[in-house]
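As a plain string of letters, each chain reads:
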Amino acid sequence: MKHVFPWQLFALATTLSSAPLTFDFGPGPLAEGFTQVSADTVYSPEKGYGFEPGSVIFGVDRGGDPLTGDFVHSDKPFAFSVKLPEGTYRVTMTLGDPDGESRTTVKAEARRLMLEDIRTQTGKGETRSFLVNLRSVNLPNGAKIKQKERELTSLDWDDKLTLEFNNSRPCLCALAVEKVEDSMTVFLAGDSTVTDQQFEPWSSWGAMLPRFFGPDVAVANYAESGESVASFTGARRSDKILATMRKGDYLFIQFGHNDMKDTSPAALTGYKDRMRKLLTSFRDKGGIPVLVTSVHRRSFDRPGKVIVNSLGEYPETVRKLAEEEKVALIDLHAMTQILYEAMGAEVTKKAFVDSTHHTNYGGYEIARCVVEGIRQAKLGLASKLAPDAGTFDPAKPDPVASFSLPASPQRDPAKPEGD
């Protein structure tokens, strides 16, 4: 396989705080400067890297180049982890088999989609790079984010980077991980329709969004199931965002599903005031806030033709706030009505697990709406989208029959918090 691991990518990368960690996978000769990882290298905190227990992996040596002539593969999903402190990391990997085809989908942490269906032909490797944000619960003043029970065991909050390799034949030759100090970050604040859902069959648009950015944008998803604006800020999630953001970063804010459960007379006013305070605090530090109206629930009328608004005045309140504060708006409430009605009542059953929470297909289609919203709002961020992000018309959703994102092995039928 005539392929050179692109060290030039590292030379052109943003400022690094330390040398990259480099791994050469497979049983063949070790490439100079790399750490060898064989098929039976199991992760341990002491070693600081390895495959997660339960992975069934095979090593192959085709000979030739020590870096790309050998690799590991499996016919089942497998995960590789590296112990790392919080921060943003550039992950660069080479995929492929010198004597065969490969097909690889990569997810990071709690099922964030990073690379979708990367295919290589015999003798042709493929090198890809992306940014992953790792975080801890710690705040600079010694306080901590108040976590929910489900977060205590989430891959989003542990002390390592975990990468899932999936699809019909993932083949991993080499991997490099380097810390990046000055990348652009898109922070997400929201509820269960936005958060990384760590278990199948649940998903969200926030978990799918990283796939649509190029290698110079990190997505830091601080959304969490069951959150309202008040509980989000009360748990100090917004404090963590403000403590780690840099000038020029973005914050996408989508709340409403859980806020509307407050039926007191002052609920809507309080919601608007808290949203305003969140976007103002971010903007005051040099960030770029983007307001996002809540996605519709699966709430068709009795004939099953038209989506009925189940969110009251909350979407319109966000629209007015965006106008008052002169900040960008992505109107997912409007776009998802078009999307669901175009799918039809029957097909939307494939996009939802229940009336609120989405499947992988639903999360993916809404993420495409968000990407289109980025373009329509003429955000500078649009220039950072992946070359294959494509354009999207919510009135013409991707056919569900052609959607083939492979499921992760982690599964739990229990409904996420929030409705």
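Refer to the structure presented above.
From a predicted model like this one, the values you see are computed outputs, not experimental measurements.

Draft legend 1. Representation of empty space enclosed by the protein. Counting across every chain of the model gives three cavities of 30 Å³ or more. What the largest cavity holds in volume is close to 90 Å³. The wall of the largest cavity is formed by 13 residues, among which R150, S154, D156, D196 and E224 lie closest to the centre. Of the residues assigned to the lining of the largest cavity, the class counts are three nonpolar, four polar and six charged.

Draft legend 2. How the structure looks around the state of the cysteines. Inspection of every chain in the model, using the stated rule, returns zero disulfides. Cysteine C171 is unpaired, with the sulfur of C173 as its nearest cysteine sulfur at 7.3 Å. Judged by its relative accessible area of 1%, C171 falls in the buried class.

Draft legend 3. Expanded view of the packing of helix α7 (residues 332–343) against helix α9 (residues 360–376). Viewed as axis vectors pointing N to C, α7 and α9 meet at an angle of 135°, and their least axial separation amounts to 10 Å. Comparing the axis directions of α7 and α9 gives the class oblique. Crossing geometry of α7 relative to α9 is assigned as right-handed. Contacts between α7 and α9 involve L332, M335, T336, L339, Y340 and M343 from the former and Y361, E365, I366, C369, V370 and G373 from the latter. Among the residues making up the contact of α7 with α9, the classes are represented as nine nonpolar, two polar and one charged.

Draft legend 4. Representation of the pairing of strand β13 (residues 184–190). Of all seven residues in β13, six are buried, a share of seventy percent or more. Of the strand pairs in this sheet, β13 and strand β15 (residues 250–254) are connected by five bridges, and their pairing is parallel. Bridge pairing in β15 links F187 to L251.

Draft legend 5. Structural view of the layout of surface pockets. Approximately 300 Å³ is the volume found for the second largest pocket. Those elements giving two or more residues to the lining of the second largest pocket turn out to be β7 (87–95), β10 (126–134), β12 (171–180) and β13.

Draft legend 6. Quick peek at helix α6 (residues 314–325). Over its 12 residues, α6 runs 16 Å from end to end, which matches the ideal 16 Å to within 8%, given 1.5 Å per residue. Those residues of α6 not exposed but buried are Y314, P315, T317, V318, L321, A322 and E325. For α6, the buried positions fall inside an angular range of 155° around the axis, keeping them on one side. Contacts from the buried residues of α6 go to α5 (267–284), β16 (288–292), β17 (328–330) and α7. Backbone geometry just downstream of α6 places K326 in the positive-phi region, at approximately 55°.

Draft legend 7. Spatial organisation of the pairing of strand β5 (residues 70–73). Side chains D70 and V72 project from β5 onto one buried face, and the interleaved F71 and H73 project onto a second face that is buried too. Relative to β5, strand β4 (residues 58–61) runs antiparallel, the two being bridged by four bridges. Directly across from G59, in β5, lies its bridge partner V72. Here β5 runs beside β12; their pairing, made up of two bridges, is antiparallel. Bridge pairing in β12 places H73 opposite C171.

Draft legend 8. Highlighting the side chain of K160. Take K160: it is sitting in strand β11 (residues 160–169). Setting aside anything within four residues of it in sequence, one finds K160 in contact with Y43, E52, S81, V82, K83, L84, E109, L134 and L155.

Draft legend 9. Inspection of the sheet that holds β13 at higher detail. With parallel pairing, five strands are arranged side by side in an open sheet as β14-β13-β15-β16-β17. Edge positions in the sheet fall to β14 (217–221) and β17, since each of these pairs with one other strand and no more. This sheet shows a mean twist of 25° between the axes of neighbouring strands, independent of strand direction. Where β15 lies against β16, four bridges are found, and the strand directions are parallel. Note that in β16 the partner of F252 across the bridge is V290.

Criteria and cut-off values
- Residues numbered from 1 in each chain as written.
- Predicted model: local features only at pLDDT ≥ 70, side-chain atom pairs only at ≥ 80, totals over all residues.
- Heavy atoms only, no water.
- 1 Å grid on protein atoms, 1.4 Å probe; cavity = no way out; pocket = protein on both sides within 12 Å on 5 of 7 lines; lining within 4 Å.
- Points joined across faces, edges and corners; volume = space filled by probe spheres on them.
- Nonpolar A, V, L, I, M, F, W, Y, C, P; charged D, E, K, R; others polar.
- Disulfide = S-S within 2.5 Å.
- Buried < 20%, exposed > 50% of the residue type's maximum accessible area, 1.4 Å probe, protein only.
- Axes fitted to C-alpha atoms, helices over the stretch in contact; angles between N-to-C directions.
- Helix = DSSP H or I, 4+ residues; strand = E, 2+ residues; numbered from the N terminus.
- Parallel < 35°, antiparallel > 145°, perpendicular 65-115°, else oblique.
- Left-handed = near helix turned anticlockwise from the far one by under 90°.
- Contact = heavy atoms within 4.5 Å.
- Pairing = 2+ DSSP bridges.
- Expected span 1.5 Å × (residues − 1).
- Arc of directions from axis to C-beta.

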